[in-house]
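Spelled out, the chains give:
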Amino acid sequence: MKMYLKINNGVIEDVKFKTFGCGSAIASSSMATELIKGKTIEEAMKLTNKAVADALDGLPPVKMHCSILAEQAIKSALLDYSKKHNVYIDGLEDIDFDEDHHHHDLDDH
Amino acid sequence: MKKYIYMDNAATTPVKKEVLEEMLPYFTEKYGNASSVYSLGSMSKRAIEDAREKVAKAIGANAREIFFTGGGSEADNWAIKGIAFGNYSKGNHIITTKIEHHAILHTCEYLEKKGFEVTYLDVDEYGLVDLEQLKNAITDKTILISVMFANNEIGTVQPIKEIGEIAKERNIYFHTDAVQAIGNIKIDVNELNIDLLSLSAHKFYGPKGIGALYIRQGVKIDPLITGGAQERRRRAGTENVPAIVGLGKAIELAYTNFEEKNNRLIKLRDMLIDKIKSNIDYIRLNGHPVKRLPGNVNICFQFIEGESLLLSLDMVGIAASSGSACTSGSLDPSHVLLAIGLSHEIAHGSLRLTLGDFNTEDEIDYVVEKLVKIVERLRSMSPLYEKVKEEK
């Protein structure tokens, strides 16, 4: 799963995604982009996997990890942005994503 | 009008009208218990014996060697457990393959917990077993060889006659799960040296929940279900008369005009494969190019995942299936696709289209047309495809 963010003055103006995965993974990434488009970075940071799943009218238990991936992908993208532009984003300090989290683990769906 | 194209005939088939018509009176008018002495009962008994004759005729057996079961899985369970427990004094070793249906694999795993030893034969890239490996696996303790006739996922047809000869030479029982093969391949149990054979009606336009196990005369086997004197004391339980009648009619129809139907299916299958090959790149045909079931097409589309493919196909009215983990409820893709040496990544992108008597050439064109667009769309959103394009 990959997320692309276009950020201007702290506002996410556009979001795009790429996903190799099942229907739930694609739907979760798509919904996550819808939910943060036009929002500020602070608002996007508040997006939870549950909110993604709820917006999809729920996901079956075995597919909940797809929504977690979507939440993680957004936070990874924001972390990438904060590193590249030296912007401090509240809430990212405890998150320790490695590169692999940008992608949907092949064995994981 | 919304089109609906059914290309999952290996999963199940619709009951043909002629089959249903024969079944219907046995629900409401001729409802007698076949064990009863009065004429209503003997009417049911006759219907069962008539169906038994039809099944026997279809596979070159004697009617007394056909036993009705509650489906293919029961027949498989019975064959494996029945032989294992019935011949324990002779040995505790069973040989099967890595690509069997779970009705065989899980039964063998269960027996392993009960003290049996099981050898799971490898298959090559086409899904074929190696006869040398089979011969080498045989020990003095081997009591059963069970190899499926044709694989449900990739359609590969095994060298059943050769396996039967090896088993006969070594005096070992040979069972074959022919659930996918019956109706699609001509089978003669004597010519092929088969001792036990499982079949299921709903794979050849009969009803669900009914199957049969062929047991060669003289084979020592324990019953799986005990309780009554039905099926010559080998399978207890009041007979499902309408379903048995349906099975008999369906198997008779399956081998009527067989060559004609078979050739038509092979033509449609190869047309579908060729059209997909010439319109979509980064694909792989799974299974053997020639030794395959007449209606089976199984193809991996690289960089995309099978379930998303199925959902997209369903949206345009096409029913198909996949060996992707996402469709199975587990984390691993199909054991068959892994056994033929595919990586997890490739196996996830498999699509199975299985054709039947009701599919047409027009449907092939429609499916290919839609498939091209769907694969293109899913690849356009795949990070894996992006990488490949960058490298080009």
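These figures come from a predicted structure and were not determined experimentally. (Residues numbered from 1 in each chain as written. Chains lettered and ligands numbered in written order. Predicted model: local features only at pLDDT ≥ 70, side-chain atom pairs only at ≥ 80, totals over all residues. Heavy atoms only, no water.)

K.L.:
I keep staring at the side chain of Thr69(B) and nothing clicks. Help me out?
P.N.:
Residues and elements named next belong to chain B. In this structure, threonine 69 sits in strand S2 (residues 66-69). Engagement of the side chain of threonine 69 in a polar contact is seen with the backbone oxygen of glycine 71, the distance being 2.8 Å. With residues near it in sequence (within four places) discarded, threonine 69 still touches Glu74, Ala75, Trp78, Gly209, Ile210, Gly211, Ala212, Leu213 and Arg235. (Helix = DSSP H or I, 4+ residues; strand = E, 2+ residues; numbered from the N terminus. Polar contact = N/O pair within 3.5 Å; in protein donor to acceptor, adjacent residues only side chain to side chain. Contact = heavy atoms within 4.5 Å.)

K.L.:
I'm lost on the sheet that holds S2(B) in this one. Help?
P.N.:
Within a sheet, neighbouring strands are paired by backbone hydrogen bonds and run either parallel or antiparallel to one another. Residues and elements named next belong to chain B. As summarised here, the arrangement of the 7 strands in space is S2-S8-S7-S6-S5-S3-S4, forming an open sheet in which the pairing is mixed. Because the sheet does not close on itself, it has two edges, and the strands there are S2 and strand S4 (117-121). When the angles between neighbouring strand axes are averaged without regard to direction, this sheet yields 20°. (Pairing = 2+ DSSP bridges. Axes fitted to C-alpha atoms, helices over the stretch in contact; angles between N-to-C directions.)

K.L.:
Looking at this structure, how should I read the domain arrangement of chain B?
P.N.:
Interface size is often expressed as the accessible area that is lost when the parts come together. Residue and element names in this part refer to chain B. Taken domain by domain, chain B consists of domain 1 (17-254) and domain 2 (257-391). One C-alpha centre belongs to domain 1, the other to domain 2; they are set 29 Å apart. Each side of the interface is counted separately: domain 1 has 28 residues, and domain 2 has 26 residues. Looking at the side of domain 1 facing domain 2, the largest losses of area belong to Glu153, Ile154 and Tyr205, adding up to 31% of the total buried there. Residue lysine 186 is joined to glutamate 259 by a salt bridge in which the shortest nitrogen-to-oxygen separation is 3.4 Å. The interface formed by domain 1 and domain 2 holds 12 residue pairs in polar contact (both at pLDDT 80 or more) in total. Residue assignment for the side of domain 1 that touches domain 2 shows that the elements contributing at least two residues are helix H5 (102-113) and helix H9 (241-254). Tallied by class, residues from the side of domain 1 that touches domain 2 come to 13 nonpolar, 9 polar and 6 charged. (Domains from an automatic or database assignment. Buried area = accessible area lost by both parts, 1.4 Å probe. Salt bridge = Lys/Arg side-chain N within 4 Å of Asp/Glu carboxyl O. Nonpolar A, V, L, I, M, F, W, Y, C, P; charged D, E, K, R; others polar.)

K.L.:
Quick question: what am I supposed to make of unusual backbone geometry here?
P.N.:
Across the chain, the bulk of peptide bonds are trans and the bulk of non-glycine residues have phi less than zero. Unusually for a residue other than glycine, Asn86(A) sits at a positive phi of about 50°. With respect to the element layout, Asn86(A) can be found in the segment after helix H4 (64-85). The exposure class assigned to Asn86(A) is exposed, which follows from its relative accessible area of 72%. Phi at Arg232(B) takes a positive value of approximately 50°, unusual for a residue other than glycine. Among the structural elements, Arg232(B) can be located in helix H8 (residues 230-233). You can call Arg232(B) partly exposed: its relative accessible area is 44%. (Buried < 20%, exposed > 50% of the residue type's maximum accessible area, 1.4 Å probe, protein only.)

K.L.:
Would you mind going over the side chain of Asn359(B) with me for this structure?
P.N.:
Residues and elements named next belong to chain B. Of note, asparagine 359 is situated in the loop between strand S12 (350-354) and helix H14 (361-380). Looking at asparagine 359, its side chain comes within polar contact range of the side chain of asparagine 9, at 3.2 Å. For asparagine 359, the contacting residues outside a window of four places in its chain are Ile5, Tyr6, Met7, Asn9, Arg264, Leu268 and Thr354.

K.L.:
For this particular structure, what's the right way to read the nonpolar core?
P.N.:
A general feature of soluble globular proteins is that nonpolar side chains tend to end up buried together. Ranked by internal contacts, the top residues of the largest apolar core, which has 69 residues, are Phe68(B), Ile145(B), Phe149(B), Ile182(B), Ile187(B), Ile194(B) and Leu197(B). For this core, the element with the highest residue contribution is H9(B), accounting for 9 residues. Of the residues that make up this core, three or more belong to each of domain 1 (17-254) and domain 2 (257-391) of chain B. Apart from the residues lying within four places of it in its own chain, the contact partners of Ile182(B) are Ile59(B), Ile187(B), Leu197(B), Leu199(B), Phe204(B), Ile251(B) and Tyr255(B). Among the nonpolar cores identified, the runner-up in size contains 54 residues, and Met45(A), Ala70(A), Ala77(A) and Ile273(B) belong to it. (Core = buried A, V, L, I, M, F, W, Y, C linked by side-chain atoms within 4.5 Å.)

K.L.:
So what exactly am I meant to see when it comes to the packing of aromatic side chains here?
P.N.:
Two descriptors summarise a pair of aromatic rings, namely the distance from one centre to the other and the angle between the planes of the rings. Residues and elements named next belong to chain B. Per the stated rule, a full pass over the model turns up 8 aromatic pairs over all chains. Summarising the aromatic geometry, the rings of phenylalanine 85 and phenylalanine 116 are spaced 5.8 Å apart at their centres and angled 75° between planes, so their arrangement reads as edge-to-face. In this pair, phenylalanine 85 sits in helix H4 (residues 72-86) while phenylalanine 116 sits in the loop between H5 and S4, placing the two residues 31 residues apart along the sequence. Under the relative-accessibility criterion, phenylalanine 116 is labelled buried at 4%. Centre to centre, the rings of tyrosine 205 and phenylalanine 358 are 5.7 Å apart; their planes meet at 90°, and the pair counts as edge-to-face. Pair noted here: tyrosine 205 is in the loop between strand S7 (196-200) and strand S8 (211-215) and phenylalanine 358 is in the loop between S12 and H14, with a separation of 153 residues, a long-range link. (Phe/Tyr/Trp six-rings, centres within 6.5 Å; stacked < 30°, edge-to-face > 60°.)

K.L.:
Would you mind going over the packing of H4(B) against H5(B) with me for this structure?
P.N.:
Angle between the axes and distance between the axes: these two values describe a pair of packed helices. All names here are of chain B. Put simply, H4 and H5 touch, their axes get as near as 9 Å, and they point 30° apart. With respect to H5, the axis of H4 lies roughly parallel. Crossing hand, H4 versus H5: right-handed. For the pair H4 and H5, contact is made by Ser73, Asp76, Asn77, Ile80, Lys81, Ala84 and Phe85 and by Ala103, Ile104, Thr107, Cys108, Tyr110 and Leu111, respectively. Split by residue class, the contact of H4 with H5 holds 8 nonpolar, 3 polar and 2 charged. (Parallel < 35°, antiparallel > 145°, perpendicular 65-115°, else oblique. Left-handed = near helix turned anticlockwise from the far one by under 90°.)

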